Amino acid sequence: MRAWPLALVVALSGCTQADGSPAPSTTDGPAPATVVLQIADVGGFVPAVYTATRLPSVTVYSDGRVLTPEPLPASPPVPALHPLQVHQVDESGGRRLVDLAVDAGVTATDDLGDPSITDLSTTRFELRTDTVSATRDVYGLGYGSVLPAPGASGLTPDQLAGRDRLSGLLAQLEDPASALGPDRVRGPEPYEPEAVAAVFTPFVQPSWDPVPPARPWPGPPLPGALDGPGLDCVLVTGDALGPVLDAAADATDRTPWTTSDGQRWTVVLRVLLPHENGCEDLPTR
């Protein structure tokens, strides 16, 4: 059985003294949950606003939470806020997810090749436990349907097999109940964010029609700052969060938002994950 983060083992198993009574606490509370395993797309020919607001495909935490984005519509427009769902796995299920990642090749170092097509994103696998620290980047993993036929892709049979194993891992982690069995998983349930980042640009009259009705921006004053090309960002928390979430419930990435000075903005919202703190944690490339 491979190592699962110590913080999770302690939190789930508890501690006792020799006489069976609870051991006195040596901390002020449980350690904060840390990221054990994450799979995310990075790079690619993607507009900057979508790069900054792109959610990881899977994030597994040391407290057993598994966060995955809810499915999006197959065609645009997309929701102004991409909601997350949370699954809760037990300790044995958490260990099994780590095993699956290692077995699929996340810690391996063999060459998986580069398909002969440009501008695709790279799928990044990151695994962090007490005994394992690995990052594996695979270019073009999520684009099997647009890649050339195997004989013309520039990939060897071994490289294709390795890619298939990692694709299979992603599919398993996106549906933990099917990978582990329903007795080890609760959910999924909607994830209730404590903060969202609002990434915005000045509204530009689009070529498509009709333009959705404009609505007033209910969040913090615009603009803010994000270290990315042509983008701004403000953090939405506290009392401002509820009105923004309510307003975004039926808005899309095409909805114009107006501020008190009469300016119009395009706003895309990004849920902050439990280990993220603000706009500075968003991907900018």
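Above this text is the structure in question.
Notes on the structure follow. In this text, all values refer to a predicted model and were calculated from it rather than measured experimentally. (Residues numbered from 1 in each chain as written. Predicted model: local features only at pLDDT ≥ 70, side-chain atom pairs only at ≥ 80, totals over all residues. Heavy atoms only, no water.)

1. A few points about the environment of Pro188
Turning to step 1, where the next piece is worked out: Relative to the helices and strands, Pro188 is located in strand β7 (residues 185-190).
Turning to step 2, where the next piece is worked out: With relative accessibility at 43%, the residue Pro188 sits in the partly exposed group.
Turning to step 3, where the next piece is worked out: Once the C-alpha coordinates of Pro188 and Ala177 are considered, the two residues, 11 residues apart in sequence, prove to be 9.0 Å apart.
Turning to step 4, where the next piece is worked out: Each residue touching Pro188, except ones within four places of it in the same chain, is listed here: Gln85, Val86 and His87. (Helix = DSSP H or I, 4+ residues; strand = E, 2+ residues; numbered from the N terminus. Buried < 20%, exposed > 50% of the residue type's maximum accessible area, 1.4 Å probe, protein only. Contact = heavy atoms within 4.5 Å.)

2. With respect to the pattern of salt bridges
Turning to step 1, where the next piece is worked out: In total, this model carries seven salt bridges according to the counting rule given.
Turning to step 2, where the next piece is worked out: A salt bridge links Arg65 to Asp63; its shortest N-O distance comes to 2.8 Å.
Turning to step 3, where the next piece is worked out: We classify Asp63 as partly exposed; its relative accessible area is 30%. (Salt bridge = Lys/Arg side-chain N within 4 Å of Asp/Glu carboxyl O.)

3. Some details on the pairing of strand β5 (residues 122-128)
Turning to step 1, where the next piece is worked out: Pairing between strand β1 (residues 35-42) and β5: six bridges, direction antiparallel. Its bridge partner being in β5, Leu37 is matched across the sheet by Leu127.
Turning to step 2, where the next piece is worked out: Where β5 and strand β6 (residues 133-139) come together, seven bridges link them in antiparallel fashion. Paired with Leu127 across the two strands is Ala134, which belongs to β6.
Turning to step 3, where the next piece is worked out: Hairpin remark: β5 followed by β6, antiparallel, with four residues in the connecting loop. (Pairing = 2+ DSSP bridges.)

4. Details of the environment of Ala104
Turning to step 1, where the next piece is worked out: Inspection of the secondary structure assignment puts Ala104 in helix α3 (residues 91-104).
Turning to step 2, where the next piece is worked out: A relative accessible area of 10% means that Ala104 is categorised as buried.
Turning to step 3, where the next piece is worked out: A sequence separation of 59 residues divides Ala104 from Arg163, and the C-alpha atoms of the two residues are 9.0 Å apart.
Turning to step 4, where the next piece is worked out: Setting aside its immediate chain neighbours within four residues, Ala104 contacts Arg165, Leu166 and Leu169.

5. A short note on helix α4 (residues 157-174)
Turning to step 1, where the next piece is worked out: For α4, with 18 residues, the first-to-last C-alpha span of 26 Å sits near the 26 Å given by 1.5 Å per residue.
Turning to step 2, where the next piece is worked out: Inspection of α4 places Gln159, Gly162, Arg163, Leu166, Leu169, Leu170 and Leu173 among the buried residues, and these make up the whole buried set. In a view along the axis of α4, the buried residues occupy a sector of 110°, so they form one face of it. Facing away from the buried surface of α4 by more than 90 degrees, the exposed residues are Pro157 and Asp164. (Expected span 1.5 Å × (residues − 1). Arc of directions from axis to C-beta.)

6. Regarding the sheet that holds β1
The strands making up a sheet associate through hydrogen bonds between their backbones, and the pairing can be parallel or antiparallel.
Turning to step 1, where the next piece is worked out: In spatial order, the strands read β6-β5-β1-β2-β3-β4-β7; together these seven strands make up an open sheet with antiparallel pairing. Two strands lie at the open edges of the sheet, namely β6 and β7, each paired on one side alone. Put simply, the sheet's adjacent strands are angled 15° from each other on average, direction ignored.
Turning to step 2, where the next piece is worked out: Direction of pairing for strand β3 (residues 65-69) relative to strand β4 (residues 84-89): antiparallel, over a ladder of five bridges. Note that in β4 the partner of Val66 across the bridge is His87. (Axes fitted to C-alpha atoms, helices over the stretch in contact; angles between N-to-C directions.)

7. Here we look at the packing of aromatic side chains
Turning to step 1, where the next piece is worked out: For the structure on display, the rule yields two aromatic pairs.
Turning to step 2, where the next piece is worked out: With a centroid separation of 5.2 Å and an interplanar angle of 90°, the aromatic rings of Phe200 and Trp265 are classed as edge-to-face. With Phe200 in strand β8 (residues 196-202) and Trp265 in strand β12 (residues 264-271), the pair connects residues that are 65 residues apart, well separated along the chain.
Turning to step 3, where the next piece is worked out: Here Trp217 and Trp257 contribute two aromatic rings whose centre-to-centre distance is 5.7 Å and whose plane-to-plane angle is 90°, an arrangement assigned as edge-to-face. With Trp217 in the loop between β9 (215-216) and β10 (232-236) and Trp257 in strand β11 (residues 256-258), the pair connects residues that are 40 residues apart, well separated along the chain. Accessibility assignment for this pair places Trp217 and Trp257 in one class, buried.
Turning to step 4, where the next piece is worked out: Taking NZ or CZ as reference, Arg215 lies 5.7 Å from the ring centre of Trp257, over its face. (Phe/Tyr/Trp six-rings, centres within 6.5 Å; stacked < 30°, edge-to-face > 60°. Lys NZ or Arg CZ within 6 Å of the ring centre and 35° of its normal.)

8. Structural notes on the state of the cysteines
Turning to step 1, where the next piece is worked out: Enumeration over the complete set of coordinates arrives at one disulfide.
Turning to step 2, where the next piece is worked out: Covalent S-S linkage joins Cys233 and Cys279, the inter-sulfur distance amounting to 2.0 Å. Looking along the S-S bond of the Cys233-Cys279 disulfide, the torsion reads about -75°, which is the left-handed sense. Of this pair, Cys233 sits in strand β10 while Cys279 is found in the segment after β12, placing the two residues 46 residues apart along the sequence. (Disulfide = S-S within 2.5 Å.)

9. A few points about the nonpolar core
Turning to step 1, where the next piece is worked out: Counting 26 residues, the largest nonpolar core has Trp217, Val267 and Leu269 as the members making the most contacts within it.
Turning to step 2, where the next piece is worked out: Contributing elements (two or more residues each) for this core: β4, β8, β10, α6 (241-248) and β12.
Turning to step 3, where the next piece is worked out: The residues touching Trp217, leaving out its near neighbours within four places in the chain, are Ala198, Leu222, Val234, Val236, Val244, Trp257, Thr258, Thr259, Val267 and Leu269.
Turning to step 4, where the next piece is worked out: Core analysis: the second largest hydrophobic core is formed by 25 residues, Val66, Val106, Leu112 and Leu127 among them. (Core = buried A, V, L, I, M, F, W, Y, C linked by side-chain atoms within 4.5 Å.)

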